Each structure stands twice: as structure tokens, then as C-alpha cells.
Amino acid sequence: MIQVSDLTKDYGPRRAIDKLSFSVNKGDVVGFLGPNGAGKSTTMKIITGFMAPSHGTASVAGFDVFENPIEVKKRIGYLPETPPVYADMYVREYLRYVAALKQVPKDKIEKYVDHAIEKTNLGEVQKRLIHHLSKGFKQRVGIAQAIVSDPEVLILDEPTVGLDPKQVAEIRDLIKALKGQHTIILSTHILPEVEATCEKVIIINKGRIVAEDSIHSLATMEKGHQRLHVRLRKDVSDLKSVLAGVSAVTSVTLGASQKEWSIDLAGGEDVVESISSLIVTQGFGLLELTPAKRDLEDVFLKLTYGQESKGGAV
Amino acid sequence: MSGTLTILKKELKGFYFNPTFWVICFLISVIFSWVFPIQLNLFSQLLTNYVMQQGVPSNQLNIHYGVFLRQLSYLNLLLIFVVPALTMKLFAEEKKLRTFDLLLTSPVTSLDIVLGKYFAAWGAVFGLVFVAFLYPLSTSLLATLNWTPLLIAFAGIFLVGGVYAAMDLFASSLTENTIAAYIISIMFNLSIWFIGIGAEVVDSEAGRKIFEHMSLSTHLSALVEGTIRTNGLVFFFSVIVLFCFLAERVVESSRWR
Ligand SMILES: Nc1ncnc2c1ncn2[C@@H]1O[C@H](COP(=O)(O)OP(=O)(O)OP(=O)(O)O)[C@@H](O)[C@H]1O
Ligand SMILES: [Mg+2]
């Protein structure tokens, strides 16, 4: 559906992206991951036909973005970094305008607008001036304008920025609901977002693709390595020596208190089992034992910053 | 083309539903309500004097010259400063607030964008000219008027407003800063009048002709006097087309930066 090859963009002497090539199949949801300034927004702007690249080509649904921009733009819904909303318009009026711009047939505009409003929960503000909306609501209007024409391809630049947790969850559900018929590219810094919504990730750093794969294979790149968080009832001064007998344990680190520890291990479920039984038989009062979802985070940090994280939340 | 219409409709609404526009209309009508009766009064005095003394130039005795043309020159002065205020936001603000991204990623051409905005601006100018036209119209309750030259004169000022709108739209496309757009626009609007002055300064006959042809005042005064000349109309429309074309180029080039 989307083909990008050798895409390069120079801002003056500054190279923002460097020979990017990738392709996205119809119905895929692809996460664009990368640190600040990696070139995610730049790539998206080129695919949407917002600006031309310095070299290389991009095509959407078989149409070259530069030779046939109108055909491409008809098929794309785009949410830029700043939602492109007019402060002096009413939410509904604005969505109608965008639908008309995107060449939705006149008799279908109301239906499409209703649909977009419903999907982004804008019902209660649809008669309000956009100027008076909070940041999160403006972001939602931005998402609504991207989906209002029911485009084949959705390009969302950090779609959940500024939304409250409930909305974040709903937008993720929306994205999941759209996959299949729609091809979606979304950029984000938030890893759980990628894990929750995308099948495929493209990690870029300094304008180059450093990894491109399915979530599953990226996450299991370091197969067999995992981290466990344990929470105990009693203070344990040295868990390391307790677990010394399990050879698969590579390191044991102290958490927030002596009741919380993280254990890195190389091995499968049998190792986890022996660790838990060991703690239980020692009578430390095992309250919690959770495998930490650190895989993608680690992969991400390693690939982009070339370092291994010490775990913890992003 | 449907893109042009969509944008035109949206921008026209943006003008006519905006309180600022009505404030401007109100101010214009305040000015005319003050100036116009004075002019009428002067004119009637002139007429009374004429009965007693003969030395007054005869064209001063025509209400068209005596009152309406004065009003038009005031209107022109107002347009020089008001049209930039209307057009400055058309591109500059869109660029600054990033709403321009929406237009540039919608299935519309740069020409659609420029034409939609241009005709909307011209439509707003129409509103202003119409407000001014209400004054001669009200005079028709008191006196019988010769409608043809009056209408031609107002059409002339409307065309000049269209020229301003084109130049100011171009100015707005050049920058992200609305204040800068406003100032550049006024420079454009004034400079097209100064070209007329060139006609008086230049010595050579050919030079004078060129300046005269490029001068807005030459062409406007013909229209204002109630005569339609083809080369005048050609001049107005070519300036409009030129600046719309330039604005289109600027919009198109923003995709290449
Ligand atoms: N208009 C511009 N002029 C000059 N340089 C630019 C421009 N836009 C972006 N850049 C540069 O291009 C590089 C990539 O920017 P881009 O906005 O694509 O990054 P990003 O991956 O979207 O980052 P973020 O996560 O912060 O949104 C950056 O180094 C940035 O400084
Ligand atoms: Mg970005």
C-alpha cells in the first residue's frame, strides 16, 4: 500500500532522513518509533505529500506522491504534530469543511461527520468553538479530521499526545478497530502504545532505519532473557545469596525497598518456577511475581542510544 | 475546482461571520455618515452660489463629480488600509497556526487554494464597497441620479479593491507574521499609486506612456468618470492574474522547502 524507497530529506545542510526504504502492506498498522529529532515527522510529511523529498520516491496505493499528489491525498487522512484546527470554527462545522475538502460526496458528509464525532467522543463539544476547547479535545478534533473522510491510509503523528488515559485507551481501541480495512502509520515515543496497537515497528534513529520487524520478533530478539519483579512481605537483606543456587539468574537488584527486587535471568519458565518455589520455601511471604515487560523498551534504547536500560518505566 | 468552492465558502463565512468585519463596516459607515452629508451640503451651497455667480467650473456642478467622486476617493483610501487587514490572515495566520498543513495535504491544488482565498477576499471587498454604495443610494431618495456612471464608478472601485486583494493575498503568502503581511500589503497598495506619480516626473514621452498605463489612477479615473475602456479593464485583470499567479507559486514552493 505504501512504498518508500531511498527517501532523503535535507533541510539546508542538515540531513533529516537518509535513504529510508520500507513498505507497508494494506491493512497493516505500523508504529514509527524513534527518539526526538529522528525524522519521524519528516517522513510522514513526505508520504502525505506535504513536502517533497530531496531524493527518493514514495507511493501510496500505487500512485506516486509527487506525480499524482491529488490521487494520493484523496486516500490519506493525516494528523500532523499540531492538530490543524481553525480556532474560529465550530467543531462540527470544521469537520464538515474537512470532509468537503477531502471530496466526500455532498450527501454523505453529514453521515461521515457523525461517524468521526462518535469515534472520537466529540459529541458533547460538537457545537462549541474550537478556540474554547482544551488541548486534549483539540487533539481529538485533529484525529476526527484525519478519519472523517474514511481514508484508506491513516498517517497519525503522535496521535495520543495530550490525551487523558481513558481517551488514550479509546484511541488505541479505535486504531485497532480501523486496522484491516485501513492502513495505518503512527509515530510515537510511547512503547506500550506500539505494543498495544501495532503489528510492525520501524525504529528510526538519526534519519536511518535501525530496525524493521514485527513486534513479536523484535521483543524476542534477546530470546530467553527476562526480568522478574518480586514483591515480598518480609524485608530481605540479601536476596542474591538466596538465589545463588539458581545458575540461570544473572543479576539481582534491589528495588524501592528491601521488599522489592528485580531478578534478571536467562532461561525459560522452569527457571521462574524454581525461583518462586525457592522464595516460598524460604518463607519470605511472596506477594507478587511479575515478568517485567521490558523487552521492547530495551531493544528500543539499545538500538537508538546504544545502551542497555536498567529497566523501569519510561 | 470543487476545492476552490469549498475554500471560498469557508473563507467567505470566515469574513462575514467575523465580528471584526462588521466593526470595519461600521467604522466605514461612521466615516461616511460624517463626511457624506458635509459633501452634500457643500454641493448644495455650490449650486446656490452658481445661481448668483458664474465662475464655477461646470463639471463641479454635477453631483457625480461634486459628491460621489469625493466619496470614492475616500473609499479608496480606506480600502488601502482595510483590505490588508482582511487578507493578512489568509495565508500568514494559516502558516503560523499550522492549519496550512491541512490544505497542503488535502486533494486540492495550490491554484484551488489561492483562487478560493482570493475570491473570498474579493467577496469581502464587495461588502465594504456595498456599504459605501448605500450612501449614493440613499441620495437617490432626494434627487434623481444618473445611474450608469455611478454604477460604473463603483464597479471601478470594486475592481481596484480586487487589485488590492490580489496584491495583499500575495503579501500574506510571503510571511508567517500577520503584522508583517499587513505592512507589506500597505506598501504594495501605496506603491501602485506612486507609479502614477512617475508619469508626471518622467520626461520622455514613451516613459510617460508606460507609467501612465501602469498607473492605477489613470485607469480608475477613466472608470470613475463613467467610461469603460478595454485597456483599463485589461490592466486591472492582468494585475489580479499576475499576483494570484505569484501567490500560487509561493504556495507551491512551500512544498519544496
Ligand atoms: N523545517 C525544518 N527546518 C530545518 N530542520 C528541520 C525542520 N524540520 C525538522 N528539522 C530537523 O529534521 C530532523 C528530524 O525532525 P523530525 O521533526 O522529523 O523529528 P521527529 O522524529 O518527528 O522528532 P519528534 O519525536 O521530536 O517529533 C531534526 O533534526 C530537526 O531538527
Ligand atoms: Mg515529530
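Thresholds applied
- Residues numbered from 1 in each chain as written.
- Chains lettered and ligands numbered in written order.
- Predicted model: local features only at pLDDT ≥ 70, side-chain atom pairs only at ≥ 80, totals over all residues.
- Heavy atoms only, no water.
- Contact = heavy atoms within 4.5 Å.
- Buried area = accessible area lost by both parts, 1.4 Å probe.
- Salt bridge = Lys/Arg side-chain N within 4 Å of Asp/Glu carboxyl O.
- Polar contact = N/O pair within 3.5 Å; in protein donor to acceptor, adjacent residues only side chain to side chain.
- Helix = DSSP H or I, 4+ residues; strand = E, 2+ residues; numbered from the N terminus.
- Nonpolar A, V, L, I, M, F, W, Y, C, P; charged D, E, K, R; others polar.
- Buried < 20%, exposed > 50% of the residue type's maximum accessible area, 1.4 Å probe, protein only.
- Pairing = 2+ DSSP bridges.
- Domains from an automatic or database assignment.
- Axes fitted to C-alpha atoms, helices over the stretch in contact; angles between N-to-C directions.
- Left-handed = near helix turned anticlockwise from the far one by under 90°.

Moving on, we get to the interface of chain A and chain B. Taken together, the contacts link 27 residues of chain A with 21 residues of chain B. The junction of chain A with chain B conceals about 2,300 Å² of combined surface from both sides, 64% of it contributed by carbon and sulfur atoms. The largest per-residue losses of area from chain A upon contact with chain B belong to Phe 50, Tyr 86 and Leu 101 of chain A, which jointly make up 29% of the total buried on that side. Along the contact surface separating chain A from chain B lie zero salt bridges. The tally of links between chain A and chain B comes to four residue pairs in polar contact (both at pLDDT 80 or more). Listed by contribution, the elements that provide at least two residues to the side of chain A that touches chain B are helix H2 (69-74) and helix H3 (91-101) of chain A. Partitioned by chemical class, the residues of the side of chain A that touches chain B number 15 nonpolar, five polar and seven charged.

Residue and element names in this part refer to chain A. If you trace the backbone, Val 168 turns up in helix H6 (residues 165-178). Given the relative accessible area of 13%, Val 168 is considered buried. Between the alpha carbons of Val 168 and Gln 145 there is a distance of 17 Å; along the sequence they are 23 residues apart. What Val 168 contacts, discounting residues up to four positions off in sequence, is Thr 160, Leu 163 and Glu 193.

Side chains carrying opposite charge are able to pair once their charged atoms draw close together. What the rule picks out here adds up to 20 salt bridges over all chains. Two residues, Lys 259 of chain A and Asp 235 of chain A, come together in a salt bridge whose shortest N-O distance is 3.4 Å. Placement of Lys 259 of chain A in the loop between strand S12 (249-254) and strand S13 (260-266) and of Asp 235 of chain A in the loop between strand S11 (225-232) and helix H9 (239-242) is noted, with a sequence separation of 24 residues between them. For Glu 248 of chain B, the salt bridge is made with Arg 249 of chain B, and the minimal N-O distance between the two is 3.1 Å. Relative accessible area serves as the criterion here: at 11%, Glu 248 of chain B is assigned to the buried category. Judged by its relative accessible area of 44%, Arg 249 of chain B falls in the partly exposed class. Among the charged side chains, a network of salt bridges with common partners joins Asp 10, Arg 15, Asp 18 and Arg 208 of chain A.

Residue and element names in this part refer to chain A. Relative to strand S10 (residues 208-214), strand S9 (residues 200-205) is paired through six bridges, and the arrangement is antiparallel. Bridge pairing in S10 places Asn 205 opposite Arg 208. Adjacent in sequence and paired antiparallel, S9 and S10 are bridged by two residues, among which Lys 206 carries a positive phi angle near 50 degrees.

Turning to the domain arrangement of chain A, a few remarks are in order. One can read the domain layout of chain A as domain 1 (2-219) and domain 2 (225-293). On a C-alpha basis, the centroid separation for the pair domain 1 of chain A and domain 2 of chain A is 42 Å.

This brings us to the packing of helix H1 (residues 2-16) of chain B against helix H5 (residues 110-139) of chain B. Residue and element names in this part refer to chain B. Relative orientation of the contacting elements H1 and H5 amounts to 35 degrees, with a least axis distance of 8 Å. Both H1 and H5 take part in a crossing whose hand is right-handed. For the pair formed by H1 and H5, the contact residues are Gly 3, Thr 4, Ile 7, Leu 8, Glu 11, Leu 12, Phe 15 and Tyr 16 on the first element and Asp 112, Ile 113, Leu 115, Gly 116, Lys 117, Phe 119, Ala 120, Ala 121, Gly 123, Ala 124, Phe 126 and Gly 127 on the second. The class makeup of the residues in the contact of H1 with H5 is twelve nonpolar, five polar and three charged.

What follows is about the pairing of S9 of chain A. Residue and element names in this part refer to chain A. Of all six residues in S9, six are buried; the element is thus mostly enclosed. What you see with S9 is no split at all: Lys 200, Ile 202 and Ile 204 on one side and Val 201, Ile 203 and Asn 205 on the other are buried throughout. Sheet topology note: the strand S3 (residues 29-33)/S9 ladder contains four bridges and is parallel. What sits directly across from Val 30, in S9, is Lys 200.

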